[in-house]
Amino acid sequence: MLLSFVISGLGVGAVYALSGVGLVILYRTTGVLNFAFGAIGALGAFFANEVLNAGYPAVLGWLCSIGAGAAVSCLYGRLVAPLLAPRDPVVRAVGTLGFALILLGTMGWYWGDVPRRLALPSDAIFFEISGTRLTLTRIVALGFLLSVIASVTLTLMYTRLGLAMRALADDRRLSSILGVRVISVELTGWLISGVSAGICGVLLANLVRLQALHLTFLVIPAIAAAIMADLSSLAITAVAGIAIGVIEACLTLWPLLAPYRTAAPFFVSLLSVFFLAFRAHQSGRPR
Amino acid sequence: MTIAEAAVSDARLEPPGPGLSRYTDLLIIPMFLAAAAGGVAVWANGYWIVTLTSATAIALAASGTALLYGQLGLVSLCQYSLLGIGGWVALRLSFAFALPFEINLLAAGVASSVIGMLCGVPALRLRGLYLALVTLMLAGGFQVVIGAWGFPDGGAGFFGRADASQRLLMARPAIAVSNGAYFLYSTAVLAFGLLVSEFHRRTKPGRAWALIRAGETTALSAGVNVLFYKAWAFALAGFFAGVAGALLAGGVGQLDGRAFPASESLNLFALTVVGGAGHWLGPVITGLLLRAVASLFTDYGIDGNIAIACFGLALLHSLVVAPSGLAGQVISLLERFGRRGKGGA
């Protein structure tokens, strides 16, 4: 019984984790916490839905979603983000909230607010583990998560681009003086974030539902995962995201807690922030 | 440019003048709101009076958000949830004890203030972004909890839920039973809230906030208790939100648990920035944008999603080129006309 809920939670958890990783990558590169991540993913999912409804293969749908996510993310990263770059991190985050509202309004106007489901051919393929079905879509979600974490970690550790990204994360102005091409490196961060958003959009539209408002604000549990990792560690973000998905699913088993199961990420992240605040207080160093 | 620098560059945040003159210009707030409310009471139909009543409640909640952002650069993304908490407490007390409306109003304010502080104050020790995130998590949590609990509607027990046929409406104050009178009552409460906020800005807390805004090290060396004054601002903002929730509950009679998603808190913050966080007129504009503009779009048959996209554009515009928001632009325009008038004379 519990296993089926764990498996069910793994899929959504993997997408939360992937979203959280996308957020942390961008934050580490540019110092921007992207509130528009969910809206960018939703836009990608709507494009994918159009392609699939037109009878094209699923791979094309995936590519369209990833392409749309990358394109709008880079558009913001190139046109608007540099204008806010010298401002406080919280103002830069609020800027992405404006972008999220633009995308949300546009999607709601064009595609409407009626919830629908994005069906993928991979839903029909499944494996049985102790009598519980594990669909290929959920395996794809976990696969994407692992490959994004591995590729980004290797890029950050072993390439010149990764070195430039880490330098930017430490000090934007000094990096610029040392010859780091700030705009293009930051744009790479926006590109990676947009690609992650495109992937997450399709997966969430399939595993949860395709609705602009819902997908836009599904970024909040992903932010919770990122907070638990102090907006810095990709691995901890991934583990926290998966844990959120699994805990959410497993709480369904307890009737008393079931109505509050989707609040789990918020309360856990609140506790982790209090822990960070306590540590900051103990060490006497502001974080 | 940091938030503090942006805020200091805003002419509206310059310290008020010396002596009594720092208080006399506060009279413009009740005078402006009384004139506007009188006009609405005379000319508006029932639909618009109800819409503008909820706009006054939203404006009061926005004044708290504006206080935090405009004075301290703190971003609170849970203000709409605190409004919901205030509404819940007011409804519960009203049905359970039939207390006078004003007592419910105060209790709602205190409850929201305490809950907001319990969650927000630990985050005040961290970077500004963390306060934004903690408050967002609080908003997310409240969305789930209120979705499960619902708002009290006259039933028994802690949750106060009643069967559909036995649902009650919250009693309004005895002096404001009709929609028109309740609108004037809400406007008076809004005026009082704005006055309290402006009074704080012009007295010791305002000076402490200005020092903190200039730099925490500066404030500490000047003997300001940074955490206390930040917490004070947070408590005041929570109080305004709670009172706003009670006003909203009194206006409609009941509240719907589905109407308090975390996204509403994000919208409220976005529109507070658009309205202008450095001037008392800003929250009034925010209330109108959130309630009246949406109703206006509906009146003209325009998709409400267009309004959302416009709000997003306006937010980006405010952040990039107009940090003082619409209020700042209106005031600048009036000042320009004033100078031209004096020059012409």
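For the structure, see preceding data.
Throughout this description, residue numbers start from 1 for each chain and increase along the sequence as written. Written order determines the labels here, with chains lettered from A and ligands numbered from 1. Local features are withheld for residues below a pLDDT of 70 in this predicted model, meaning they are given only at 70 or higher, and side-chain atom pairs are given and counted only at 80 or more; totals for whole chains, interfaces and linings count all residues. Just so you know, side-chain values use all the structure's heavy atoms and leave hydrogens and water out.

## Focus on the overall build of chain B
Working step 1: Counting from the N terminus, the helices are the DSSP runs of H or I reaching at least four residues and the strands are the DSSP runs of E reaching at least two. From N to C terminus, chain B includes 15 helices and zero strands.
Working step 2: Taking 2.2 N^0.38 as the reference for a compact globule, 345 residues should give roughly 20 Å; the C-alpha atoms of chain B span a radius of gyration of 20 Å, in line with that estimate.
Working step 3: When its C-alpha atoms are laid out on the principal axes, chain B stretches across 65 × 50 × 40 Å.
Working step 4: Type-normalised accessible area, obtained with a 1.4 Å probe on protein chains alone, sets the label of each residue: buried when under 20%, exposed when over 50%, and partly exposed for intermediate values. Expressed as a percentage of the 345 residues in chain B, the buried residues total 57%.
Working step 5: Here, two residues are considered to be in contact whenever any of their heavy atoms come within 4.5 Å of each other. A separation of at least 24 residues holds for 78% of the contacts in chain B among residues at least 6 apart in sequence. We compute the radius of gyration from the C-alpha atoms alone; for a globule the expected value is 2.2 Å times N to the 0.38, where N is the number of residues.

## Examining the packing of aromatic side chains
Working step 1: In this scheme Phe, Tyr and Trp rings, the latter by its six-membered ring, pair at centre separations within 6.5 Å, and the angle between planes marks the pair as stacked below 30 degrees, edge-to-face above 60, and tilted otherwise. For the structure on display, the rule yields 24 aromatic pairs over all chains.
Working step 2: Joined through ring pairs, the aromatic side chains of A:Phe46, A:Phe47, A:Trp109, A:Tyr110 and A:Trp111 make up one cluster.
Working step 3: Over the ring of A:Phe126 we find A:Arg133, and its NZ or CZ is 3.9 Å from the ring centre.
Working step 4: Look at NZ for Lys and CZ for Arg. If either is within 6 Å of the ring centre and within 35 degrees of the ring normal, a charge sits over the ring. Sitting over the face of the ring of B:Tyr182, B:Arg172 holds its NZ or CZ atom 4.7 Å from the ring centroid.

## Considerations on the interface of chain A and chain B
Working step 1: Taken together, the contact between chain A and chain B spans 49 residues of the former and 45 residues of the latter.
Working step 2: Buried area adds together the accessible area that both of two parts lose upon being put together, with accessible area traced by a 1.4 Å probe. For the pair chain A and chain B, the two sides together bury roughly 4100 Å², of which 78% comes from carbon and sulfur.
Working step 3: Within this document, salt bridges are pairs made up of a side-chain nitrogen of Lys or Arg and a carboxyl oxygen of Asp or Glu, the two lying within 4 Å of each other. The interface formed by chain A and chain B holds zero salt bridges in total.
Working step 4: The term polar contact refers here to a pair of N or O atoms within 3.5 Å; inside protein, the definition further demands a hydrogen-donor-capable atom paired with an acceptor-capable atom, and it admits residues adjacent in sequence only when both atoms are side-chain atoms. In this assembly, chain A and chain B are joined by four residue pairs in polar contact (both at pLDDT 80 or more).
Working step 5: If you tally residues by element for the side of chain A that touches chain B, the top one is helix α5 (residues 89–111) of chain A, at 16 residues.
Working step 6: Polar here means any residue other than Ala, Val, Leu, Ile, Met, Phe, Trp, Tyr, Cys and Pro, which are nonpolar, and Asp, Glu, Lys and Arg, which are charged; Gly is therefore polar. The class makeup of the residues in the side of chain A that touches chain B is 36 nonpolar, eight polar and five charged.

## Looking at a nonpolar patch on the surface
Working step 1: Note that patches include only residues with greater than 30% relative accessible area and no salt bridge, and the join distances are 9 Å for like charges and 5 Å for nonpolar side chains (Val, Leu, Ile, Met, Phe, Trp, Tyr). The protein chains shown are the only cover counted for residues, whose accessible areas, like all others here, come from Shrake-Rupley with a 1.4 Å probe. Side chains of A:Tyr56, A:Val59, A:Leu60 and A:Leu63 sit close together on the surface and give an oily, nonpolar patch of about 410 Å² of accessible area.
Working step 2: Its location among the elements puts A:Tyr56 in the loop between α2 (37–53) and α3 (58–79).

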